[in-house]
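Chain and residue survey
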Amino acid sequence: MPAAPVFRVAVLSGDGIGPEVMNVCLSALRSLSTQFRGFDLQFSELEAGAELYARTRVALPDETFAEAARADTILFGAMGLPHVRTDDGREIAPQLDLRERLELFAGVRPLRAVPGLPLPLADPRARDLDVVLIREQTEGLFAEREAGTLEADAEARDSLVVTRPACERVFDFTFALANRRKDEGRPGRVTCVDKSNVLQSFAFFRDVFDERAAAHPHLEADHCYVDAMAMNLVTRPWSYDLLVTENLLGDILSDLGAALIGGMGMAPSADVGTEHALFQPCHGTAPDIIGSGRANPTAMLLSAAMMLDWLDESHGVPDCGTAANRLRDAVDAAFAGGVLPFEFGGSDGTEEISVAVLRALESASASD
Ligand code: ATP
């Protein structure tokens, strides 16, 4: 029998609650890799972030970048601290450098509610929410983030850049995902979110979307202005399947989406490129709760499940897909068993959630 593949996982825990949620995630992944014979995971923990910058003036060392680029996949906690800034006043954000340098062009933000949790929308359809938001994340309003200008303390400018190749690859990625979801019984409908009624860049974004939609005639495609989408996501998010949008609009809508499924501690994400992929919770370093034991590790755990799915899809290792499902089921079982994080008004923190999920993983393994 051929040896099972060993995937090298670069682990960048980062700052604030990043290491707190990453510890739980690594315990879960170690448990899964002993449960499944079809793959193994080899972790290498790497330094990067605001604390490192405060000590060394380097946020993303060359060795860390090289090791992350060499790895099969990257797990990322959170980086940045409000009091650690570059000389021009910006926060430290190695995650943006990684996205750009590894060309992680698609930010994938699934909006799936864990069953049984109290959610902000009372409508029962909110409990079955299953929408995916895709954010283009190599250009848009972040394209020239280090080249913005401020003249005479009187006028500041940033540019919004939309290019045909970047649009085509993110739209094609989204239609491919829509196709897979359609095979699984979802509508396979893609909605382009923009502000094409006002800005030339967004009119072009929409034109390229329509061209790519025409190449996928078996899938539905439509449009929505971002202001209307903000309202629709609050009033009827279940009417959507996949959303695709520009960088800054996606940044904003993904926090709105996180709120729909219970908050930042519940929202996973993947940053996917052609060669590399990075998996991280949608939340930041949560400076207000560092060290308090209140950090909810669920978003990090669900991001790790997305990583296992991606390893399955990109390397054809079905055990990784089965392990991903087992991890998601363990999270669902922990919450079904009564775990209630602080964000939901409960009193369960990192430790309690970790114990409940790891126990559910062990009992799933025992009943194999
Ligand atoms: P960034 O700009 O990097 O996104 P931020 O400071 O705007 O960071 P977060 O760090 O995500 O945002 O924190 C926003 C709020 O959500 C804070 O009140 C924080 O405590 C809370 N929060 C974020 N992540 C979690 C988590 N995993 N568990 C519990 N609360 C969290």
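You'll find the structure just up there.
Fair warning: this is a prediction, and the values are worked out from it, not measured in the lab.

Observations concerning the overall build of the protein chain
- Summing up its helical and strand segments, the protein chain has eleven helices and twelve strands in all.
- Taking 2.2 N^0.38 as the reference for a compact globule, 368 residues should give roughly 21 Å; the C-alpha atoms of the protein chain span a radius of gyration of 20 Å, in line with that estimate.
- Expressed along its principal axes, the backbone C-alpha trace of the protein chain runs to roughly 60 × 50 × 50 Å.
- Among the 368 residues that make up the protein chain, the fraction classed as buried is 52%.
- Of the contacts formed within the protein chain by residues at least 6 apart in sequence, a portion of 74% connects residues at least 24 apart.
- Between the centroid of the 32 positive side chains of the protein chain and the centroid of its 57 negative side chains there is a distance of 3 Å.

Things to note about the site of the ligand
- In the vicinity of the ligand there are 13 residues, among which His283, Gly284, Ala286, Asp288 and Asn296 approach most closely.
- Within the contact set of the ligand, an oxygen atom lies 3.3 Å away from a backbone nitrogen or oxygen of Thr285.
- Backbone polar atom of Ala286 to an oxygen atom of the ligand: 2.8 Å apart, as the coordinates give it.
- Protein coverage of the free-state accessible area of the ligand, which is 620 Å², stands at 62%.
- When the residues that make up the shell around the ligand are grouped by side-chain class, the tally is five nonpolar, five polar and three charged.

Re unusual backbone geometry
- Here the phi dihedral of Ala152 falls at roughly 50°; this positive angle occurs in a residue that is not glycine.
- Residue position: Ala152 is located in the loop between β6 (149-151) and β7 (155-157).
- Its relative accessible area of 76% is what places Ala152 among the exposed residues.
- A positive phi angle, near 55°, is found at Asp153, a position not held by glycine.
- Structurally, the position occupied by Asp153 is in the loop between β6 and β7.

Details of the pairing of strand β9 (residues 220-225)
- In this sheet, β9 lies alongside strand β8 (residues 189-194) in parallel orientation, the contact comprising six bridges. Its bridge partner being in β9, Asp194 is matched across the sheet by Tyr225.
- Handedness of the crossover joining β8 and β9 through helix α6 (residues 200-214): right-handed.

Definitions and limits used
Residues numbered from 1 in each chain as written. Predicted model: local features only at pLDDT ≥ 70, side-chain atom pairs only at ≥ 80, totals over all residues. Heavy atoms only, no water. Helix = DSSP H or I, 4+ residues; strand = E, 2+ residues; numbered from the N terminus. Rg over C-alpha atoms; globule rule 2.2 N^0.38 Å. Buried < 20%, exposed > 50% of the residue type's maximum accessible area, 1.4 Å probe, protein only. Contact = heavy atoms within 4.5 Å. Lys, Arg positive; Asp, Glu negative; His and termini not counted. Charge placed at Lys NZ, Arg CZ, Asp CG, Glu CD. Near = heavy atom within 4 Å. Polar contact = N/O pair within 3.5 Å; in protein donor to acceptor, adjacent residues only side chain to side chain. Areas by Shrake-Rupley, 256 points an atom, 1.4 Å probe, with all protein chains shown as cover. Nonpolar A, V, L, I, M, F, W, Y, C, P; charged D, E, K, R; others polar. Pairing = 2+ DSSP bridges. Right-handed = clockwise from strand over helix to strand, strands pointing away.

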